[in-house]
Amino acid sequence: MALSGPDGIGKTRLLLDLAGVLEGAFRVAYVPIAALPARELAAWALGALELDVQGDPAETLMKLANEPDDLPLLLAIDEAHAMPPASARQLAGWSAATNGRLALIAAFTPDPRTPRVRMSLGSERVDVAFERPLTPDEANALVLQFVERSDPLPSRRARFDETTLSGLFATSGGLPGRLIDLALNVLEGGPAPNADRSLALAEDFDPFAVTAGAEAYVARRATEDTLATLERELESDAPLLTMIGPPGIGKTQIMRVLADRLSGRFQTLHVAYGSLEPDELERWIAALLGATAGAGALLDHARNAARAGTPFLLMIDDAGAVPAGSLEWLHAQVVSSEGALRIIFAATDSGDGHPLAALEALDPAPRQIPLSDPLDAAESEAWVAARLRDAAAPEPVRKAFDARAVRDLHHQAAGNPAELGRLADERVRGLQANPPVTRSTRQHATGSHPEPEPRSDDQPSRMRGTATWILFGGVTLLALLALLLPSLTDWRPSVTERAPASTEWVSVHINATPWAQVVIDGRELGTTPLGNVQLAIGPHQLRATLADGTLIEREIHIDSDQRHLVITR
């Protein structure tokens, strides 16, 4: 039998279900790869039947089929259009030699090779067309059954409204495999297709969320060289280091990765915001250490750490925002500690003499460690791929970041990681109006657990019939689902509007007494002090909750001179 139908119509699912449907009439061996010589196909079939090959696999298969006390054999061969014609002729010959006790069903997808392979099966074959797509009602029933069995969180279940169901049907063309693949993307937090084939993004989908966490680090030559230099200098007892690089190059992330790598050898503390006068900065550092505020708190902690065999390393981010007096105070702490305290500054060489001039005025001056090389094209591609992978981005989103698209983003960003992330985020948001053309790549096996396979023409379904179905070539399908997905984590990174690529961005530092929770333009920034927050020049909406519960809402204006924001009532 030659079973023919388009990708996604369900041929693979039907072949996989044959063992259950024909139980008691045949022993069924599923062969997923047909592009093999006939004897290798025979060996694969024997393996599928959990039998050892004794000598020639073809002879073993024929002997097995001819045993009168056992059930006849049925080889269910997938991807049959890729089968060599010689293999097809040999299989047909084996079937004839066993008087039909070795039966064949081969599934074909439209392909230029299909007519030749199908003819090679001989004139005794039965051709069956499996082409009718689902109706809208059938498609809706299949999707809702899929959602019910997947048991998603309520926020994900709510996405399958009438609009999404219509969009899934329109985009899938009624092909069950394609339909379920799209529905799974929606359950995973990916885009939901609308009826016009545009995409509606989930609120909690943000693969390019701004983060400087070590867990999001993607290694590359320049950053690994900088990390190695920093480690080497620290192991050589260098007391003061300055990491210099342009905005968005990844200095904050490097410090956090360094802290992880130094674990057990150094005690580390990252100070994200240093735009404080000496006494206030000392109190803030003491609070971060969990120590009692007061003169000498930093030195006492550093000396205790050194006595324990782990020198104390202070990482000061955005050194350009640290007042000169506070830089001098930090320098004095290092000198007084006699090696117990070390500091790494992260600074942007803005070309206006600060912060390099202020840091170089210290005696001794910190050694400068450059981090200036932008991403090259291959590194940009690896960075984008890693972020998409970490966010479990569904196929429509991954498809939008093919090699050509990433190269374009790389050139627009000039290799700057922060700018690359911003442009990539804009591209994700643009999918709502311009969905990429995609093809289903996920197959679901029988049972209650998903098992990926390198196939795309499948869907949850079950065939009802008997051995008569084989003899007369009739096909009856009832689309069912046998897939249970684990509950998905309800993570909710914020989704924000991005400024156009031509917008100028500046680093903003935000503080409050004693602290405040800050939201700008709907984006939750966290609790003050906050340093190096990237904002576009222009007006923004501020919403802050002070320690006593007071809510402050106002419009603020940011420019190159207005970069230090202190929140007051």
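In case you missed it, the structure is sitting above this.
Residues numbered from 1 in each chain as written. Predicted model: local features only at pLDDT ≥ 70, side-chain atom pairs only at ≥ 80, totals over all residues. Heavy atoms only, no water.

Peer 1: Would you explain the packing of helix α2 (residues 38-48) against helix α3 (residues 57-66) in this entry?
Peer 2: Between two packed helices, what matters for the description is the angle formed by their axes and the separation of those axes. The contact between α2 and α3 brings their axes to 8 Å, and the two run at 55°. The orientation of α2 relative to α3 falls into the category oblique. Between α2 and α3 the crossing geometry is left-handed. Of the residues in α3, those in contact with Arg39, Ala42, Ala43, Ala45 and Leu46 of α2 are Pro57, Ala58, Thr60, Leu61 and Leu64. The residue inventory of the contact of α2 with α3, partitioned by class, reads eight nonpolar, one polar and one charged. (Axes fitted to C-alpha atoms, helices over the stretch in contact; angles between N-to-C directions. Helix = DSSP H or I, 4+ residues; strand = E, 2+ residues; numbered from the N terminus. Parallel < 35°, antiparallel > 145°, perpendicular 65-115°, else oblique. Left-handed = near helix turned anticlockwise from the far one by under 90°. Contact = heavy atoms within 4.5 Å. Nonpolar A, V, L, I, M, F, W, Y, C, P; charged D, E, K, R; others polar.)

Peer 1: Looking at this structure, I do not really get the nonpolar core. What am I missing?
Peer 2: As a rule of thumb, soluble globular proteins bury nonpolar side chains together. Counting residues in hydrophobic clusters, the biggest one holds 30 residues, and the most contacted among them are Leu61, Leu75, Met83, Leu91 and Trp94. Listing elements by their share of this core, those giving two or more residues are β2 (27-31), α2, α3, β3 (73-77), α4 (85-97) and β4 (102-108). Discounting chain neighbours no more than four positions away, the residues touching Met83 are Ala34, Ala35, Leu41, Ala88, Leu91 and Val117. One finds Leu269, Tyr273, Leu281 and Ala358 within the second-largest nonpolar core, a separate group that totals 28 residues. (Core = buried A, V, L, I, M, F, W, Y, C linked by side-chain atoms within 4.5 Å. Buried < 20%, exposed > 50% of the residue type's maximum accessible area, 1.4 Å probe, protein only.)

Peer 1: Help me understand the side chain of Ser337, please; the structure alone is not making it clear to me.
Peer 2: Within the element layout of this structure, Ser337 appears in helix α14 (residues 324-337). For Ser337, the side chain forms a polar contact with the main-chain nitrogen of Leu341, separated by 3.0 Å. (Polar contact = N/O pair within 3.5 Å; in protein donor to acceptor, adjacent residues only side chain to side chain.)

Peer 1: Would you take a moment to explain the packing of helix α10 (residues 221-235) against helix α11 (residues 251-261) for this structure?
Peer 2: It is at 11 Å that the axes of α10 and α11 come closest, and there the two elements cross at 55°. With respect to α11, the axis of α10 lies oblique. Relative to α11, α10 is oriented so that their crossing is right-handed. In this structure, α10 uses Thr223, Glu224, Thr226, Leu227, Leu230, Glu231 and Leu234 to contact α11, whose residues at the interface are Ile254, Val257, Leu258 and Arg261. Its residues assigned to classes, the contact of α10 with α11 shows six nonpolar, two polar and three charged.

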